[in-house]
Amino acid sequence: MNDMAGIDSVDFMDRLGYDYEVRRGGLPVTVAPLTDPRIVNIAGSRTKVVRIDTPEQLTLPITLDVGTVSTRIGFSSGAATTALLAAKKVGLFRWGKGDRWTSVRRSLLYSPGEGGNAEIRVDVDGEGGRTSATSRNTYSVG
C-alpha cells in the first residue's frame, strides 16, 4: 500500500482473527472484524469500509454515556480492500492465527513504502442530530 506502516501496525492487524466486544445501544455485544461493510464518502471518494477493533468502541460508550461507537477501516485502493476481505473470506485470519502462519500474514499486511495519505472520517449520531468530520494526514520519508 506504499504507506509508512510500522511493525506495530502489523501486530494490530494480526488481531483480525479475533472477535471483540463493543457496545451497541449501550449493551455489550461481540462482533467479528472486517464485517458490516459500509460505503462512505472520504475526500470525494466512495470508499468501502469494514469493522476493525479499536479501544474507543468500548471505552467511549462507557465514559461519554453514548450507546454505540463503531470503527471501520478502508483503503484508497479498492484492490487493497478487496484483498483484505478475500483473505478473511478464505479464513486466513482464523486458521492462520498461529506462529506458523506469521510470515504469510505479514507479507500480506506489511509492505512499507515512501509514504501515503491517511484520511479519517468520524460520524457522530446523537440526540442533537448527525454530523461528520474528515481529517487528512500525509506521511513521507525525510
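Overview of the structure. (Residues numbered from 1 in each chain as written. Predicted model: local features only at pLDDT ≥ 70, side-chain atom pairs only at ≥ 80, totals over all residues. Heavy atoms only, no water.)

This paragraph deals with the nonpolar core. Listed in full, the 12 residues of the largest apolar core are Met13, Leu16, Leu34, Val50, Ile52, Phe75, Ala80, Leu84, Leu85, Ala87, Leu92 and Phe93. Mapped onto this core, the elements with two or more residues apiece are helix 3 (78-89) and helix 4 (92-95). Considering every element that reaches this core, the biggest residue donor is helix 3, with 4 residues. Other than its neighbours up to four places away in sequence, Val50 contacts Leu34, Thr35, Pro37, Thr71, Arg72, Ile73 and Leu85. (Core = buried A, V, L, I, M, F, W, Y, C linked by side-chain atoms within 4.5 Å. Buried < 20%, exposed > 50% of the residue type's maximum accessible area, 1.4 Å probe, protein only. Helix = DSSP H or I, 4+ residues; strand = E, 2+ residues; numbered from the N terminus. Contact = heavy atoms within 4.5 Å.)

Our focus in this paragraph is the side chain of Gln57. Mapping Gln57 onto the fold places it in helix 2 (residues 56-64). Residues contacting Gln57, with those up to four places away along its chain left out, are Tyr20, Val22, Arg23, Arg51, Ile52, Val69, Ser70 and Thr71.

Compared with an ideal rise of 1.5 Å per residue, which puts 12 residues at 16 Å, helix 3 spans 16 Å between its outermost C-alpha atoms and is within 8% of the ideal. When we look at burial in helix 3, the residues that qualify are Ala80, Thr81, Leu84, Leu85 and Ala87. Each buried residue of helix 3 sits inside an arc of 155 degrees when the element is viewed along its axis, so together they form one side. Among the exposed residues of helix 3, those pointing more than 90 degrees away from its buried face are Ala79, Thr82 and Lys89. (Expected span 1.5 Å × (residues − 1). Arc of directions from axis to C-beta.)

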